[in-house]
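# Close look at the chain arrangement
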Amino acid sequence: MTTNLNSSGFRVSIAQPRARRAVRTPAVWTLVLAALLCGVAASQNAAAQTATAQAAPTQAAAPAAQAQLASTDVPQGADNDASLNTVIVTGTRSSNVKARDSAAPIAVISAEALQATGATDLREALERTLPSLNYDSLGGDLGALTDAIQLRGLSPDDVLVLVNGKRRHTTANIYLDSGPQQGSAPVDLDLIPLSSIDHIEVLGEGAAAQYGSDAIAGVINIILKSQNHGGDVEANTGQYYHGDGFTASTGGNFGLSLGDDGFLDLSYDFRHHDHSDRSGPDSRTGVTDNPIFGDPESVRTSVGYNAGKFLADGAAEFYSFGTYADRDAQAYENYRLPTILPEVYPDGFAPSETIEENDFSTTWGVKGTQLWGWHWDLSTTYGGDDDRFGLINSGNPGLYDLTGYTPTSFHIATNKDTQWTNNLDFVQPFEVGLPTPLTTAFGFEYRRETYSVSPGDPDSYIDGGSQSYVGIMPVSAGWWERSNYAGYVDLSADPIENWQLDVAGRYEHYTDFGDATSGKLSTRYDFTPRFALRGTVSNGFRAPSLAQEYFSNLNVSPSGASGQLAVNSPAAVALGAVPLQPEKSKNFSFGFVAEPLDGFHTTVDAYLIEIDKRIVEGGTYTGAIAIAALEGENITLPPGIDPADVSTNYFSNGADTKTYGVDATADYRTDLGNAGSIDWDAEANWTHTEVTSIGEDTLGAPLLNAQNIATITSAQPESKIIVGGIWALSGWSVNLHELRYGSSYSLDTYFAGPNEFSTTVFYNSVNNARYETNLELGYQWSFGLKWAIGARNLFNKTPEVLPAANRYIGAAIYDTNTGVGIDGGYYYTRITYSF
């Protein structure tokens, strides 16, 4: 930073064009060393702790889950039967149901499988193990600062995330840029410590009748570790082949006993990730000085706990678990030429959008088995997300023109959301003369949600506002809430030998939308111990998020601006908007489970998901109409904006869609005798979405254009295949997997030529299939130390290159609608110590 006099004689701080805000980063290598030393110190007490644990019950209660969990603590390269034999708690109210026996498709992903991906983010680890899961390879603007996922090509909001079976709160940061994630404000998985996870259960079908709103594409249930002794520490570091994106992380998990019948499991994660830059030459200057096209810089710290303790001689058990996370991140925005604020930035400037985020969740509960024979569970969960957004290396040109002064850093908004969920559940099996007991479950839920937006500094929104992102004005700020009351009934039994039948129904009442009813019927028939058919039919719903209803803002580029209007605002209503309604879904699935050879397991499940009144970005208006709408909301545009490059829109129930596809899995172990063993696995997903109906605004105009439709139907890879294996011998291991991302298609805007900024003529961008190779080599010593080196995207694959006319000011050289990211290959090393 330098200090100069402005035209009025006041001192102002001048940020250099590529200066960066100092992030709150501890000495990374100090943390690495501390983690390793912590593991060594802990190992000195391991023998004593183990002896104590052996004197106590061999397995502490896992009260946060709906049933005792089978251990998945198996060495890498162990038999794939471990996951299939895991007792699941997702998608069923019955006890002791194994994944391989489920009437619904359930994927069980162990902590070892997540670690073997080499990823330091939960989102990325899941993407490399689950073919139906995807995410945008490049987030835009503030959306780059939050991590979202999708299942089966649907919105991130259509995925319900549970932790130990309890609903997780969502982010306060709504994703506004165009693309498959647009309009979503989902759960941010990366704010849960990776080191705290025992395993993850992914239910591959709609489950709104069991869990309520959002469970249209599926359910992700994160089961936390529940150890009463021992633990592990880990350090991981790496960077991209390009030499940027340096990443360093540490994590640890520690189990403590609470007497003879309780546990306290503690976890922590720390991760630092540097910027990457894959921008092309700026078309305005001819040189590469626009760093927008790459990863944001981020520093994240997260901690978690999971605890349980039996009460009253085992008649009941108390449990609690929670997480807290702090994240500082910043993402580069487009470079501004020296003509924008020459007195402040004589060499031009590249603003950065920043976030200071605090996220928390805690659950407290008690459950028992002696209430007139009923198993009961009473719990309360409170969580929230607090996001303080800012700008650095920016300025307000309009303010400077009027006063001769502008700040270079701004507070542009604070978004907060909270979710308070209370549950009372009852389960009891009844002997009614059937081959298995009739498991009867019912329960109640009360949930209260709040969402608030606080305005930015006045200098961030007056006189055209700050460059890159205009601060939230008081007229767009507010506080909103709603409540939800729900009840459900769930019945399951075997009417005849080898035939499972599960039936569930749920009623919900929202204070802002009224009533919703959903049901589910799942069935499975085992023809032989090696072959079974299964299927499900259900309906569901998803209520609009409070952010989708009420958020509004103005995003500014070097040449234009894009305004997001709250759908209930007078300006949006004047354009033809109507209030949002809940999405309604119908889900159908049918498949088989087979073991054609000993140890060779296969599953194939086909599905169909029909969504009516799907919430999408709709009603896009450009030019004079858009400018008039923004002015109607008292939003002023900065000077120098091209009117043709001004747009505004709002969220709408703009489409009915139909999504169908197939999930397939297979695994097998090859015993090589003295040469070790290989655990083979293969997973595949194929998904296709069609728009069956397009909504209209109240003026009769369609809510979607061809580009919007392509974003919904084909902007993501239509298929993903994961094939590979893990070879293990005497402590050595080699993990080799190949990922194939299928083709994707999108309609891209022209930024130059005769079709510049057209909303009717687009470039048909085709991303052909891409292959990514991931390789890890490791060795584990007998005393618990393991070292691994690896590479993700070993052969440095990148997406298709866009034509020059479709690269906004030259920087965005790649089409990002593909599973292969823009950054290319990444190499890393990891050391883990278990005790």
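Heads up: these notes are all about the structure in this document.

Criteria and cut-off values
- Within each chain, residue numbers correspond to sequence positions counted from 1 in written order.
- Where local features are concerned, this predicted model is filtered to residues with pLDDT of at least 70; where side-chain atom pairs are given and counted, the filter is 80 or more; whole-chain, interface and lining totals use all residues.
- Working from all heavy atoms in the structure, the side-chain values ignore hydrogens and water.
- The numbering of helices and of strands both runs from the N terminus, where a helix is a DSSP run of H or I of at least 4 residues and a strand a run of E of at least 2.
- Each residue gets one of three labels from its accessible area relative to the maximum for its type: buried under 20%, exposed over 50%, partly exposed in between, using a 1.4 Å probe on protein chains only.
- Polar contact is defined as a pair of N or O atoms within 3.5 Å, subject to the rule that within protein one atom must be able to donate a hydrogen and the other to accept it, and that residues adjacent in sequence are counted only when both atoms are side-chain atoms.
- Contacts: residue pairs with any heavy atoms within 4.5 Å of one another.
- Nonpolar side chains (Val, Leu, Ile, Met, Phe, Trp, Tyr) are joined into patches within 5 Å and like charges within 9 Å, using only residues with over 30% relative accessible area and no salt bridge.
- Surface accessibility follows the Shrake-Rupley procedure with a 1.4 Å probe radius. Residue values consider only the protein chains on display as shielding.
- The term salt bridge refers to a side-chain nitrogen of Lys or Arg lying within 4 Å of a carboxyl oxygen of Asp or Glu.
- The criterion for strand pairing is that DSSP finds at least two bridges linking the strands in question.
- Pairing of aromatic rings covers Phe, Tyr and Trp, the last counted by its six-membered ring, and requires centre-to-centre distances within 6.5 Å; plane angles under 30 degrees mean stacked, over 60 mean edge-to-face, and any other angle means tilted.
- Distance and angle both matter: a charge sits over a ring if NZ of Lys or CZ of Arg is within 6 Å of the ring centre and within 35 degrees of the ring normal.

For the rest of this paragraph, the subject is the side chain of serine 184. Mapped onto the elements, serine 184 comes out in the loop between strand E7 (166–167) and strand E8 (197–203). The class for serine 184 is buried, based on a relative accessible area of 0%. Within the structure, serine 184 has its side chain in polar contact with the backbone oxygen of glutamine 181 (distance 2.7 Å). Not counting residues up to four positions away in its chain, the partners in contact with serine 184 are Ser155, Pro156, Asp157, Asn173, Ile174 and Tyr175.

Side chains of Val489, Leu491, Val503, Leu521, Val537 and Phe588 sit close together on the surface and give an oily, nonpolar patch of about 440 Å² of accessible area. Looking at where phenylalanine 588 falls in the secondary structure, it is placed in strand E26 (residues 583–597).

Note: strand E34 (residues 770–780) against strand E35 (residues 785–792), six bridges, orientation antiparallel. The partner of glutamine 780 across the bridge, within E35, is lysine 786. Both E35 and strand E36 (residues 826–834) contribute to a ladder of eight bridges, which runs antiparallel. Pairing of lysine 786 across the sheet is with threonine 832, part of E36.

What follows covers the environment of tyrosine 510. Note on placement: tyrosine 510 falls in strand E21 (residues 499–510). When its relative accessible area of 4% is taken as the criterion, tyrosine 510 is described as buried. Taking the C-alpha atoms as reference, tyrosine 510 lies 5.9 Å from serine 483; in sequence the two are 27 residues apart. Apart from residues no more than four positions distant in its own chain, tyrosine 510 is found in contact with Ser213, Arg447, Arg482, Ser483, Asn484, Phe541 and Ala543. Looking at tyrosine 510, its side chain comes within polar contact range of the side chain of arginine 447, at 3.0 Å.

We now examine the packing of aromatic side chains. Using the criterion set out here, one finds 30 aromatic pairs in the structure. Connected via pairs of aromatic rings, a cluster forms that spans Trp374, Phe426, Phe430, Phe442 and Phe444. Against the face of tyrosine 135 rests arginine 123, its NZ or CZ located 3.9 Å from the ring centre. For the cation-ring pair, arginine 152 lies above tyrosine 607, with the distance from its terminal atom to the ring centre recorded as 3.7 Å.

Another point: unusual backbone geometry. In this structure, serine 730 takes a positive phi of about 50° despite not being glycine. Looking at where serine 730 falls in the secondary structure, it is placed in the loop between strand E30 (719–729) and strand E31 (732–741). At isoleucine 809, a position not held by glycine, the phi torsion is positive, near 40°. Overall, the relative accessible area of 11% leaves isoleucine 809 in the buried class.

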